[in-house]
There are 2 protein chains.
Amino acid sequence: MQETANRPYHHGDLRRTVIETAMAMLHEDKGWQFTLREVARRAGVSHAAPYKHFPDKAALLAEMALLGFDRLHKALTTAKPKKSNTLRDEFFAVGRAYVEFGTSNPGLYRLMFSAEAGKAADVHLSERALAVFGVVTEMLERGQAEGVLRKRDVRGGAAACWAQMHGITMLTMEGLFQLEKVGPDPLDAALVTLLEGLENQAVNS
Amino acid sequence: MQETANRPYHHGDLRRTVIETAMAMLHEDKGWQFTLREVARRAGVSHAAPYKHFPDKAALLAEMALLGFDRLHKALTTAKPKKSNTLRDEFFAVGRAYVEFGTSNPGLYRLMFSAEAGKAADVHLSERALAVFGVVTEMLERGQAEGVLRKRDVRGGAAACWAQMHGITMLTMEGLFQLEKVGPDPLDAALVTLLEGLENQAVNS
DNA sequence: ACCTGAACACCGTTCAAGT
DNA sequence: ACCTGAACACCGTTCAAGT
């Protein structure tokens with residue numbers, strides 16, 4: 001862990017360094033179009049060195065995507081307010097945290113849902129990716145138990161929530177949600193609409 | 001327009017041919033990671049020839065993305081049933097058509113919303129891309145006029161719809177909506193949830 | 001065990017030169 | 001006006017060889 005100024009030949013923990021360097025480069029560019037050679041350059045090793053730790057670039061991408069899902073999961077559970085809060089508060093807190101995560105890590109978020117990462121190692125079907133789905137499911141189950149939400153197959157509702165979060169996040173990243181055409185606060189509007197589709201009682205405005 | 005078997009030197013309509021060839025290659029792969037050189041090879045010209053018609057690869061991608069938005073717009077308006085149908089029918093028809101378009105053209109759909117296409121030429125802010133938004137807006141306006149939908153800023157509702165469509169489409173493309181974990185018919189569940197968030201009257205199940 | 005350096009088969013892009 | 005062919009500066013990946 002302690003970095004000595006001179007790394008003569010052996011690097012020590014190149015595997016971790018490669019991932020961290022690549023993660024840092026993801027923040028600079030929007031896409032995951034960083035090059036493996038550039039990563040190696042920044043890490044101060046030859047361009048062939050990373051191949052001792054990853055079979056190919058796709059493997060590195062997949063690992064980064066998994067890391068991304070872990071961070072997203074953590075961001076959501078952290079954002080969840082302490083108990084004795086209304087479900088509505090929790091719903092909005094988690095929703096906003098999701099979008100916030102995506103928009104402040106656009107490169108990483110894109111990578112997580114890219115075909116490239118998905119192909120390799122079944123990233124999207126891993127339990128680490130599906131843990132995010134679990135957060136939403138728990139929230140809906142609580143809502144149904146409290147009678148706030150309509151009683152329906154929770155999985156369908158969770159699917160709707162995830163799709164809505166993902167859609168808002170990507171459209172925001174593209175700048176499409178910054179237009180006057182979509183109104184003053186599309187994020188809020190989308191969350192309200194979604195919640196009211198899940199809620200139990202009638203709302204007449 | 002009529003293709004002679006021998007194209008000795010001049011191609012005739014290389015610009016169109018390049019676009020069509022690239023479009024065809026988009027169907028084979030999932031991503032837009034086709035190479036310009038391969039396009040030129042298939043078109044039977046040198047790898048430098050396309051540069052007489054497009055300043056760079058990004059310009060070609062942007063043009064293809066615009067074409068994609070035109071096709072999506074057409075797919076939605078075509079799917080819209082003739083009048084004297086309920087709004088609910090229209091809503092589901094358009095929703096399913098949207099997802100269907102994405103899942104049957106994954107490469108093109110990905111390209112349309114990629115950062116690469118977005119950067120070039122303001123694709124996402126073009127009226128051709130926003131026409132899709134218009135289809136949803138019209139539908140909601142009709143619903144509000146008929147009293148079926150809650151009266152609210154239509155733009156917010158349209159934003160919610162678009163985000164939901166986009167999210168479902170992408171998650172389906174990733175295979176995440178084919179899991180038992182998300183239930184038997186997540187697409188339907190998401191559409192129902194969305195619609196009921198927009199609707200006027202109370203629903204007690 | 002871990003890393004290097006040269007090598008291979010590709011890219012995107014440019015540009016003088018051909019027709 | 002439209003296209004070619006060689007060239008440049010890159011990639012990802014491999015592999016014998018070094019420490």
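Residues numbered from 1 in each chain as written. Chains lettered and ligands numbered in written order. Predicted model: local features only at pLDDT ≥ 70, side-chain atom pairs only at ≥ 80, totals over all residues. Heavy atoms only, no water.

A. How the structure looks around the interface of chain A and chain B. Every contact between the two is made by 52 residues of chain A and, on the other side, 52 residues of chain B. Summing both partners gives a buried area of about 4300 Å² for chain A against chain B, and 63% of it is carried by carbon and sulfur. Viewed at the interface, chain B and chain A are joined by 4 salt bridges. Between A:Glu196 and B:Arg150 there is a salt bridge, and its shortest N-O distance comes to 2.8 Å. Where chain A packs against chain B, one counts 11 residue pairs in polar contact (both at pLDDT 80 or more). Those elements that provide at least two residues to the side of chain A that touches chain B are helix H6 (115–119), helix H7 (127–145), helix H8 (154–173) and helix H9 (186–198) of chain A. When residues of the side of chain A that touches chain B are assigned to their parent elements, the largest contribution, 12 residues, is made by H8(A). Classifying every residue of the side of chain A that touches chain B by side-chain character gives 26 nonpolar, 14 polar and 12 charged. (Contact = heavy atoms within 4.5 Å. Buried area = accessible area lost by both parts, 1.4 Å probe. Salt bridge = Lys/Arg side-chain N within 4 Å of Asp/Glu carboxyl O. Polar contact = N/O pair within 3.5 Å; in protein donor to acceptor, adjacent residues only side chain to side chain. Helix = DSSP H or I, 4+ residues; strand = E, 2+ residues; numbered from the N terminus. Nonpolar A, V, L, I, M, F, W, Y, C, P; charged D, E, K, R; others polar.)

B. Representation of the pattern of salt bridges in the model. Tallied over the full model, the rule gives 32 salt bridges over all chains. Across the pair B:Asp188 and B:Arg96 runs a salt bridge whose closest N-O atoms are separated by 2.8 Å. Linking B:Asp188 in helix H9 (residues 186–198) with B:Arg96 in helix H4 (residues 87–104), this pair joins segments that are 92 residues apart in sequence. Overall, the relative accessible area of 40% leaves B:Arg96 in the partly exposed class. A single network of salt bridges, built from pairs that share partners, joins A:Lys80, A:Glu90, A:Glu138, A:Arg142 and A:Glu146. (Buried < 20%, exposed > 50% of the residue type's maximum accessible area, 1.4 Å probe, protein only.)

C. The arrangement of the UniProt feature "DNA-binding region" (unreviewed entry) in chain A in detail. What UniProt calls "DNA-binding region" (unreviewed entry) maps, in this numbering, to residues 35–54 of chain A. Between the end C-alpha atoms of residues 35–54 of chain A the distance is 14 Å, and the span holds 40% helix and 0% strand. (UniProt positions renumbered as here; feature names shortened; annotations may be inferred.)

D. A look at helix H1 (residues 14–28) of chain A. Residues and elements named next belong to chain A. Counted at 1.5 Å a residue, the expected span for H1 with its 15 residues is 21 Å, and the 21 Å between its end C-alpha atoms agrees. Every buried residue belonging to H1 is among Leu14, Thr17, Val18, Ile19, Thr21, Ala22, Met23, Met25 and Leu26, and all of these are buried. Residues of H1 that are buried sit in contact with helix H2 (36–43), helix H3 (57–79) and helix H5 (106–112). (Expected span 1.5 Å × (residues − 1).)

E. Structural view of the packing of H9(A) against H9(B). Between H9(A) and H9(B), the least distance of the axes is 7 Å, while the angle of their chain directions is 100°. In terms of their interaxial angle, H9(A) and H9(B) are classed as roughly perpendicular. Between H9(A) and H9(B), the residues in contact are A:Thr193, A:Leu194, A:Glu196, A:Gly197 and A:Leu198 and B:Thr193, B:Leu194, B:Glu196, B:Gly197 and B:Leu198, respectively. For the contact of H9(A) with H9(B), the per-class residue count stands at 4 nonpolar, 4 polar and 2 charged. (Axes fitted to C-alpha atoms, helices over the stretch in contact; angles between N-to-C directions. Parallel < 35°, antiparallel > 145°, perpendicular 65-115°, else oblique.)

F. Local environment of the packing of aromatic side chains. Counted by the stated rule, this structure contains 13 aromatic pairs over all chains. Here A:Phe91 and A:Phe92 contribute two aromatic rings whose centre-to-centre distance is 5.9 Å and whose plane-to-plane angle is 80°, an arrangement assigned as edge-to-face. A residue is classified by how much of its surface remains accessible, and A:Phe92, at 11% relative accessible area, is buried. Their ring planes at 70° and their centres at 5.5 Å tell us that B:Phe69 and B:Phe113 sit as a pair that is edge-to-face. Taken together, the positions of B:Phe69 in helix H3 (residues 57–79) and B:Phe113 in the loop between helix H5 (106–112) and helix H6 (115–119) put the pair 44 residues apart, joining distant regions of the chain. Using a relative accessible area of 1% as the deciding quantity, one classes B:Phe69 as buried. You can call B:Phe113 buried: its relative accessible area is 5%. (Phe/Tyr/Trp six-rings, centres within 6.5 Å; stacked < 30°, edge-to-face > 60°.)

G. Structural context of the environment of A:Ala65. All names here are of chain A. Mapped onto the fold, Ala65 is located in helix H3. The class of Ala65 is buried, set by a relative accessible area of 0%. A C-alpha to C-alpha distance of 8.0 Å links Ala65 and Phe113, two positions 48 residues apart in sequence. The residues touching Ala65, leaving out its near neighbours within four places in the chain, are Leu111, Met112, Ala117 and Val123.

H. Structural view of the domain arrangement of chain A. Residue and element names in this part refer to chain A. If you check the domain split of chain A, you get domain 1 (1–54) and domain 2 (57–204). The distance between the C-alpha centroids of domain 1 and domain 2 comes to 31 Å. Listed by partner, the interface residues are 14 residues for domain 1 and 17 residues for domain 2. Carbon and sulfur atoms make up 74% of the surface buried where domain 1 meets domain 2, a total of about 1500 Å² over both sides. On the domain 1 side of the interface with domain 2, the three residues burying the most area are Met23, Lys30 and Trp32, jointly 42% of the side's total. Counting every contact that joins domain 1 to domain 2 gives 1 salt bridge. Glu63 is the partner of Arg15 in a salt bridge, and the nearest nitrogen-oxygen pair spans 2.8 Å. Our enumeration of links across domain 1 and domain 2 arrives at 3 residue pairs in polar contact (both at pLDDT 80 or more). Ranked by the residues each element gives to the side of domain 1 that touches domain 2, the list is headed by H1, at 7 residues. Its residues assigned to classes, the side of domain 1 that touches domain 2 comprises 9 nonpolar, 2 polar and 3 charged. (Domains from an automatic or database assignment.)

I. Looking closely at helix H2 (residues 36–43) of chain B. Residues and elements named next belong to chain B. For H2, the complete set of buried residues consists of Leu36, Val39, Ala40 and Ala43. Down the axis of H2, the buried side of the element spans an arc of 100°, and every buried residue falls inside it. Its buried side turned inward, H2 meets helix H1 (14–28) and H3. One or two steps after H2, the chain reaches Gly44, where phi turns positive at roughly 80°. (Arc of directions from axis to C-beta.)

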